[in-house]
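Here is what each chain is made of, one letter per residue.
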Amino acid sequence: DLSTSIAGVTLPNLLLNASGVNCRYENELQQLLDSSAGSLVTKSATLSSRDGNPEPRYAPLAGQIGSINSMGLPNQGYEYYLEYAKKFDYNNAAGKPLFISLAGMSLPDNKAMCEAFRDANLPCVLEINFSCPNLPGKPQLGYDMEAMEAALQVLAPIIGKPFGIKLPPYFDIAHFDQAAAIFNKFDNIAYVTCINSVGNGLAIDWESETALIKPKDGFGGLGGLMVLQTSLANVNAFYRRLNNGKQVIGCGGVTSGKEAFLHILAGASAVQIGTQLQEEGTGVFERVSKELEEIMVAKGYTNVEEFRGKVKTL
Ligand code: DHB
């Protein structure tokens, strides 16, 4: 049984896509609905539609260690995803709930989008993205504790009901402490998703001596297996610090059932797949589900509550 509950909705399977991958257009969202994923989250939306950065803007890294991207927030604008959320069949046979990712380029933009979703009064769950690393000239909110708290003071009451936030990776214990202390002040933060890509790596092809992607002189967010341990640390750090039933969604480095199992051991209530979904397609959800279930059977677990957050320390 891989079902789970988050932010007042039930997922029949705890695996879903990482926002950004296979979720910009309706046909891609439909592919997620047609897959074994237990839910789906839309591409981070801005107030107006965006084409994003010049291509190539995503590249897998040699040796299947991960990926680099600097997409630049290509999306159809929030009204497209609001319309999708209005049309969405919340009573779909598979029982899959809908998550909507919002990444306003300013607080007024985020405010306007949250107000529009509040006014529509839909059963979808908002995931506010405080961690887009790929906008030239824009430092991300997740690394500015004061600005992040100020944004939450405006947005949390507007949203009103349980919601989530997408976080960048943190690398300092003081930052885990500070960020968690902020989130614990907001009753309707239901979960945090850890992590967004590890920001601003540089991938270079040694033969051509050329960066792999075009935007930002080749700098881009890193994902995939190479970020697994950073992801697990962030999941576990917030799992240990968040209060009042706040949950963690794990994201980063999941290529098989083994990494999904590790995310749950670290404390994840659900697990998102990004790079591996991009590389493998939506069949990844059936494969990873099967592998995770096989691991559970081999270890004698019948449900995920039996091992969630139970990583042993020495
Ligand atoms: C993009 C990348 C991110 O990591 C994110 O959180 C939002 C958008 C992008 O480049 O499109």
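Note that residues are indexed from 1 along each chain, following the sequence as it is written. Given that this is a predicted model, residues contribute local features only at a pLDDT of at least 70 and side-chain atom pairs are listed and counted only at 80 or more, while totals for whole chains, interfaces and linings are drawn from all residues. Excluding hydrogens and water, the side-chain values take into account all heavy atoms of the structure.

The next subject is the overall build of the chain. Helix and strand definitions follow DSSP, with helices as H or I runs of at least four residues and strands as E runs of at least two, each counted in order from the N terminus. Looking only at helices and strands, the chain has nine helices and 16 strands in total. For the chain, whose C-alpha radius of gyration is 18 Å, the value lies close to the compact-globule estimate of 20 Å for 314 residues. For the C-alpha atoms alone, the extent of the chain along its principal axes is close to 55 × 50 × 40 Å. Across the 314 residues that make up the chain, the buried fraction comes to 56%. The contact criterion used throughout is that any non-hydrogen atoms of two residues lie within 4.5 Å. Within the chain, counting contacts between residues at least 6 apart in sequence, those at least 24 apart form 73% of the total. With an accessible surface of roughly 13400 Å², the chain has 51% of that area assigned to carbon and sulfur atoms. In summary, the charge assignment counts Lys and Arg as positive and Asp and Glu as negative, without counting His or the chain termini. Every charge is mapped to an atom, namely NZ of Lys, CZ of Arg, CG of Asp or CD of Glu. Charge separation in the chain, taken as the distance between the mean sites of 25 positive and 32 negative side-chain charges, equals 4 Å. Both definitions apply: the radius of gyration is a C-alpha atom measure, and the globule rule equals 2.2 Å times residues to the power 0.38. The classification of residues rests on relative accessible area computed with a 1.4 Å probe and restricted to protein chains. Under 20% of the type maximum is buried, over 50% is exposed, and intermediate values are partly exposed. Each accessible area is a Shrake-Rupley result for a 1.4 Å probe, and residues are judged covered by the shown protein chains and nothing else.

Burial runs high along helix α7 (residues 257-266): eight of the ten residues are buried. Buried residues of α7: Gly-257, Glu-259, Ala-260, Phe-261, His-263, Ile-264, Leu-265 and Ala-266, and no others. Looking at the packing, one finds that the buried side of α7 touches β3 (15-17), α6 (228-241), β15 (247-251), β16 (270-273) and α9 (284-299). Where α7 ends, the next residue or the one after it, Gly-267, has phi of about 130 degrees, a positive value.

Turning to the sheet that holds strand β6 (residues 66-69), a few remarks are in order. Pairing is antiparallel in the open sheet, where four strands are placed in the order β5-β6-β14-β11. Only two strands of the sheet have a single partner each, and these edge strands are β5 (58-61) and β11 (198-202). Each neighbouring strand pair of the sheet contributes to a mean axis angle of 40 degrees, computed without reference to strand direction. Direction of pairing for β6 relative to strand β14 (residues 219-223): antiparallel, over a ladder of three bridges. Opposite Ser-67, over in β14, you have Gly-223 as the bridge partner. Pairing between two strands requires that DSSP report at least two bridges joining them. As a rule, the C-alpha atoms of each element are fitted with a line to give its axis, helices using only the stretch in contact, and angles between N-to-C directions run from 0 to 180 degrees.

Here we take up the packing of aromatic side chains. Think of it this way: a Phe, Tyr or Trp ring, Trp meaning its six-membered ring, pairs with another when their centres are within 6.5 Å, and the plane angle makes it stacked under 30 degrees, edge-to-face over 60, tilted otherwise. This structure, assessed with the given rule, holds twelve aromatic pairs. Consider the rings of Phe-99 and Tyr-191, whose centres lie 6.0 Å apart with planes at 80 degrees: the pair is edge-to-face. Of the two residues, Phe-99 is situated in strand β7 (residues 98-102) and Tyr-191 in strand β10 (residues 189-194); the sequence distance between them amounts to 92 residues. Overall, Tyr-191 belongs to the buried group, its relative accessible area being 0%. Seen in terms of ring centroids, Phe-183 and Phe-238 are 6.0 Å apart; in terms of plane orientation they differ by 40 degrees. Their pairing is tilted. Here Phe-183, found in helix α5 (residues 173-183), pairs with Phe-238, found in helix α6; they are 55 residues apart in sequence, far enough to count as distant. Residue classification places Phe-183 among the buried positions, given a relative accessible area of 0%. One aromatic cluster in this structure is built from Tyr-143, Tyr-170, Phe-176, Phe-183 and Phe-238.

Moving on: the site of the ligand. Nearness is judged by heavy atoms alone; a residue qualifies as near a molecule or strand once a single heavy atom is within 4 Å of it. In the vicinity of the ligand lie 13 residues, with Gly-72, Leu-73, Asn-129, Asn-134 and Asn-196 positioned nearest. A distance of 3.1 Å separates an oxygen atom of the ligand from a polar atom in the backbone of Met-71. Side-chain atoms alone can form a polar contact between residues adjacent in sequence; in general such a contact is a pair of N or O atoms within 3.5 Å, and within protein one must be able to donate a hydrogen while the other accepts it. Here an oxygen atom of the ligand sits 2.5 Å away from a polar atom, N or O, in the side chain of Asn-196. In isolation the ligand exposes 290 Å². Once the protein is present, 92% of that is buried. Classification used: nonpolar for Ala, Val, Leu, Ile, Met, Phe, Trp, Tyr, Cys and Pro, charged for Asp, Glu, Lys and Arg, polar for all others including Gly. Here the residues of the shell around the ligand are counted per class, giving five nonpolar, seven polar and one charged.

This brings us to helix α2 (residues 78-87). For α2, every residue scored as buried is listed here: Tyr-78, Tyr-81, Leu-82, Tyr-84 and Ala-85. All buried residues of α2 fall inside an arc of 160 degrees around its axis, so they share one side. Facing away from the buried side of α2 by more than 90 degrees, the exposed set consists of Glu-79 and Lys-87. Residues of α2 that are buried make contact with α1 (26-34), β4 (40-41), β7 and α3 (107-120). To be clear, the arc concerns the directions from the helix axis to the C-beta atoms.

With respect to burial, β7 is a largely interior element, five of its five residues being buried. Across the two faces of β7 the burial is the same, with Leu-98, Ile-100 and Leu-102 and Phe-99 and Ser-101 all buried. Judged from the two bridges that link them, β4 and β7 form a sheet pairing that is parallel. Note on β7: the bridge partner recorded for Val-41 is Phe-99. In this region the chain leaves β7, passes through α3 and returns to the parallel neighbour strand β8 (residues 125-129); the handedness of that crossover is right-handed. Seen with the strands pointing away from the viewer, any crossover whose path from the first strand over the helix to the second strand runs clockwise is right-handed.

By convention in these notes, a salt bridge is any Lys or Arg side-chain nitrogen within 4 Å of a carboxyl oxygen on Asp or Glu. By the definition in use, this model includes ten salt bridges. Between Glu-149 and Lys-185 there is a salt bridge, and its shortest N-O distance comes to 2.8 Å. One end of the pair, Glu-149, is in helix α4 (residues 145-159); the other, Lys-185, is in the loop between α5 and β10, with 36 residues separating them in the sequence. Taking relative accessible area as the criterion, Glu-149 reaches 17% and is therefore assigned buried. Of the charged contacts, one joins Asp-177 and Arg-241 as a salt bridge, the two residues approaching to 2.7 Å between their closest N and O atoms. Placement of Asp-177 in helix α5 and of Arg-241 in helix α6 is noted, with a sequence separation of 64 residues between them.

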